[in-house]
Every structure is written in structure tokens, then in C-alpha cells.
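Commentary on secondary and tertiary structure
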Amino acid sequence: VQLQASGGGSVQPGGSLKLSCAASGSTFSVNAMGWYRQAPGNQRELVARINSGGNTDYADPVKGRFTISADNAMNSVYLQMNSLKPEDTAVYYCNAEDYGLGARYDYWGQGTQVTVSS
């Protein structure tokens, strides 16, 4: 599975960005996709996740501001980010969870920078 993320950039506090991630290759056993982020000096953390049933999970700091969505085939995942804050600044990574071998295997995109600054 290959993941190609896009949509990062620079925005002022309170602004919005939308991240997109396209999956290609053998995606038939991908059961969930999501977005993680990593700020300098911090560990990579989950931002939002959506599974093939449409169930979503959000990290507490982004609840009510970010919305994750995906197409039915789990080939694309999106992250709409509103009311952005400086603390949202990070490299955002697209993730796909593959359960084809009975255990979870994670695929990662290349990362896209999001900078929130006045």
C-alpha cells in the first residue's frame, strides 16, 4: 500500500486547511485509515481515525475542530481542520491499518507540514 498525502501549508490562527491522502496498491485489507502528527521534540500522536464502518476517533485537542472522512473503499482519507491553533503545527502523516495477515500492519505516507502562525 502506498499513501500520498497533500494539502499541508501555512495558515494563520483560526484558519482552515484540508489534508488529503490517496491510497494505492493492495488496499483490499485496509480496515482503517487515519492521521497522525508529530511536532518537533514530540512523539507521533494520533489525530483522527476512521474505520471501514465509518466509525471515527479523535484526539481530545482536536475534537470539534477537525473532521475525518473517507471514501467507502478506503482508498482516500481526508482531514478537514478548522479553527487551527499554533499548537496544531506539526508534520501530519497519513496512516493505513492493514489486517490482511491477521495482525495489524501500518503503512505511512510521507508527511505534510502544517504550520499555524500569525
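Anything mentioned here points back to the structure above.
A brief report on the enclosed structure follows. (Residues numbered from 1 in each chain as written. Predicted model: local features only at pLDDT ≥ 70, side-chain atom pairs only at ≥ 80, totals over all residues. Heavy atoms only, no water.)

Glancing now at the pattern of salt bridges. Applying the stated criterion across every chain yields a total of eight salt bridges. Across the pair R49 and E97 runs a salt bridge, and its minimum N-O distance is 2.6 Å. Placement of R49 in strand β5 (residues 45-51) and of E97 in strand β9 (residues 90-98) is noted, with a sequence separation of 48 residues between them. Classification of R49 as buried rests on a relative accessible area of 19%. In this structure E97 comes out as buried when scored by relative accessible area, which is 1%. Across the pair E97 and R104 runs a salt bridge whose closest N-O atoms are separated by 3.5 Å. When salt bridges that share partners are traced, they join R49, D57, E97, R104 and D106 into one network. (Salt bridge = Lys/Arg side-chain N within 4 Å of Asp/Glu carboxyl O. Helix = DSSP H or I, 4+ residues; strand = E, 2+ residues; numbered from the N terminus. Buried < 20%, exposed > 50% of the residue type's maximum accessible area, 1.4 Å probe, protein only.)

Moving on, we come to the sheet that holds strand β1 (residues 2-6). Strand order in the open sheet made by the four strands is β1-β3-β8-β7, with antiparallel pairing throughout. Only two strands of the sheet have a single partner each, and these edge strands are β1 and β7 (66-70). The mean angle between the axes of side-by-side strands here comes to 15°, regardless of whether they run parallel or antiparallel. Sheet topology places strand β3 (residues 17-24) next to strand β8 (residues 76-81); six bridges connect them, and they run antiparallel. Along β8, the bridge assignment pairs S20 with Y78. (Pairing = 2+ DSSP bridges. Axes fitted to C-alpha atoms, helices over the stretch in contact; angles between N-to-C directions.)

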